[in-house]
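Commentary on secondary and tertiary structure
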Amino acid sequence: MEGMIPYGRQDIDSADIDAVVRVLKSEFVTQGPEIPAFEKKLTELTGAAHAVAVCNATAALHLACLAAGLGKGGLLWTSPISFVASSNCALYCGADVDFVDIDPSTYNMSVPMLGKKLEQAKKAGRLPQVVIPVHLAGQSCDMKGVRALADRYGFKVIEDASHAVGGSYGGRRVGSCEYSDLAVFSFHPVKIVTTGEGGAVLTHSPELARKVALLRSHGITRDSALMTHEPDGAWYYQQLELGFNYRITDLQAVLGQSQLRRIDEFVARRREVRDRYDRELARLPLTLPMQAPETESAWHLYVVRLRRDLVRKSHREVFDAIRAKNIGVNLHYIPIYLQPYYQALGFKKGHCPEAERYYAEAISLPMYSALAPSDQDRVIQALNGALAER
Ligand SMILES: *Cc1c(COP(=O)(O)O)cnc(C)c1O
């Protein structure tokens, strides 16, 4: 049997390795000059005024929510078709969470559904303080639409851009925060660029950036201007808030800088993989990914949906037939509220019908910059085989 083709994986070259080795031999391996240098590169990439790098995107979402003022008794809305981290961040803050159904063609949070839900929430007297649109597969949500509703209803917008590093919206890079208060990146190895574990918060607001940076490291400052009284001595630091250890390391930050040199190459290569899938799968009974006009996806994922009217096999049978060929297809995602943990909070099947339809049909095909053409052939063959047999 040929080797397993994963759905995603990192692309590390010798320059990446050399950069990490250089830092390993240097004075600092944790909190040194590479972290601010990485953060500067992230602001250059996106056009956001500030970037704060942290240990992963889950931590980034938690800190972004706290900086946005989410707390006990608060309410956050996000998309049900995302990784659990997009909604767990609300629970970390002691807030409640709810889900806005997805658009049937982009699979991102539907802005018309968001508008409708906000109207009802206003009547019921409980509006969300934070909304997290998730840029599924690397394609930006309709951020102008989200912004217009944020201005009307007064919530903060945090983009979960974990999939979308290197993508763009309205001619600007995702992470520019043109239509949001904060944006979050993930640098997990299956994402577009990697630092091993890693994440970042981007924002235009100096206050939000300062808050995130403070909470990243225990809520502690050594800046006497921020302290309640004069330092006791040169050793003194002061804890201003209850923070965390969500720091990233210099080893990771130098890898991130090295990876960012190739961001356009990575995304271009993913677009080639997409073009080939688009061509080769066009005649199969599948719905292929669609691109909204203002977006350029970073192509973290390539999601196909089974045409239920044309495929007699079950979703599970098709999925298992491809897996049996050692192709690591996956499913992004189980609607979050269908997790037993969320059902125990009171969510029920039927809450977001469009998300549930998606879940019954979607399959993520292998998609990464280092995917060899011969491996992509194997994926296409396996898919043809799985859909041909009746
Ligand atoms: C990967 C991912 C996260 C979490 O990222 P980590 O860096 O692994 O914590 C959050 N949201 C989405 C949509 C993701 O895909």
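Here goes a summary of the coordinates provided. Bear in mind the structure is a predicted one, so any value in this text is a computation, not a measurement.

The biggest cluster of nonpolar side chains holds 53 residues, and the ones touching the most others in it are Leu76, Ile132 and Ile158. Looking at this core, the elements that each hand over two or more residues are β1 (50-54), α3 (57-67), α4 (85-92), β3 (96-99), β4 (130-132), β8 (182-186), α7 (206-216) and α12 (353-359). A per-element tally of this core places α3 first, with 8 residues. Every residue in contact with leucine 76, bar those within four places of it in the chain, is listed here: Cys65, Leu70, Ser86, Cys89, Ala90, Asp96, Val97, Asp98, Val130 and Ile132. Counting 28 residues, the second-largest nonpolar core is a separate cluster that includes Val304, Leu306, Phe319 and Val379.

Once that is clear, we can look at the site of the ligand. Lining the immediate surroundings of the ligand are 15 residues, of which Ala57, Thr58, Asp160, His163 and Lys191 lie closest. A distance of 2.7 Å separates an oxygen atom of the ligand from a polar side-chain atom of histidine 163. In the environment of the ligand, an oxygen atom lies 2.8 Å from a nitrogen or oxygen atom belonging to the side chain of serine 186. Broken down by secondary-structure element, the contributors of at least two residues to the shell around the ligand are α3 and α4. Across the shell around the ligand, the residue classes break down as 5 nonpolar, 8 polar and 2 charged.

Turning next to the pairing of strand β5 (residues 156-160). The buried fraction of β5 amounts to 4 of the 5 residues, a majority that puts the element mostly inside the structure. Judged from the 2 bridges that link them, β4 and β5 form a sheet pairing that is parallel. What sits directly across from valine 131, in β5, is valine 157. The handedness of the β4 to β5 crossover, carried by helix α6 (residues 143-153), is right-handed. Relative to β8, β5 is paired through 3 bridges, and the arrangement is parallel. The residue bridging isoleucine 158 from the neighbouring strand is leucine 182, located in β8.

Let us look at the environment of leucine 338. As for its placement among the helices and strands, leucine 338 is situated in the loop between α10 (315-323) and α11 (340-343). Along the backbone, leucine 338 and cysteine 65 are 273 residues apart, and their C-alpha atoms lie at a distance of 23 Å. Ignoring sequence-local partners within four residues, the contact set of leucine 338 consists of Gln343, Lys349 and Glu356.

This paragraph deals with the environment of proline 335. Relative to the assigned elements, proline 335 resides in the loop between α10 and α11. On the basis of relative accessible area, proline 335 is assigned to the buried category, the value being 0%. Linking proline 335 and aspartate 160, residues 175 residues apart in sequence, is a C-alpha distance of 16 Å. Not counting residues up to four positions away in its chain, the partners in contact with proline 335 are Pro80, Ile81, Ala355, Glu356 and Tyr359.

Here we take up the packing of helix α1 (residues 14-24) against helix α8 (residues 250-260). Interhelical geometry of α1 versus α8 gives an angle of 150° and a closest axis separation of 9 Å. The angle between α1 and α8 falls in the class roughly antiparallel. Pair α1 / α8 crosses with right-handed handedness. Contact residues: Ala15, Asp16, Ala19, Val20, Arg22, Val23 and Leu24 in α1; Asp250, Leu251, Val254, Leu255, Ser258 and Gln259 in α8. When the residues that make up the contact of α1 with α8 are grouped by side-chain class, the tally is 8 nonpolar, 2 polar and 3 charged.

The rules we used
Residues numbered from 1 in each chain as written. Predicted model: local features only at pLDDT ≥ 70, side-chain atom pairs only at ≥ 80, totals over all residues. Heavy atoms only, no water. Core = buried A, V, L, I, M, F, W, Y, C linked by side-chain atoms within 4.5 Å. Buried < 20%, exposed > 50% of the residue type's maximum accessible area, 1.4 Å probe, protein only. Helix = DSSP H or I, 4+ residues; strand = E, 2+ residues; numbered from the N terminus. Contact = heavy atoms within 4.5 Å. Near = heavy atom within 4 Å. Polar contact = N/O pair within 3.5 Å; in protein donor to acceptor, adjacent residues only side chain to side chain. Nonpolar A, V, L, I, M, F, W, Y, C, P; charged D, E, K, R; others polar. Pairing = 2+ DSSP bridges. Right-handed = clockwise from strand over helix to strand, strands pointing away. Axes fitted to C-alpha atoms, helices over the stretch in contact; angles between N-to-C directions. Parallel < 35°, antiparallel > 145°, perpendicular 65-115°, else oblique. Left-handed = near helix turned anticlockwise from the far one by under 90°.

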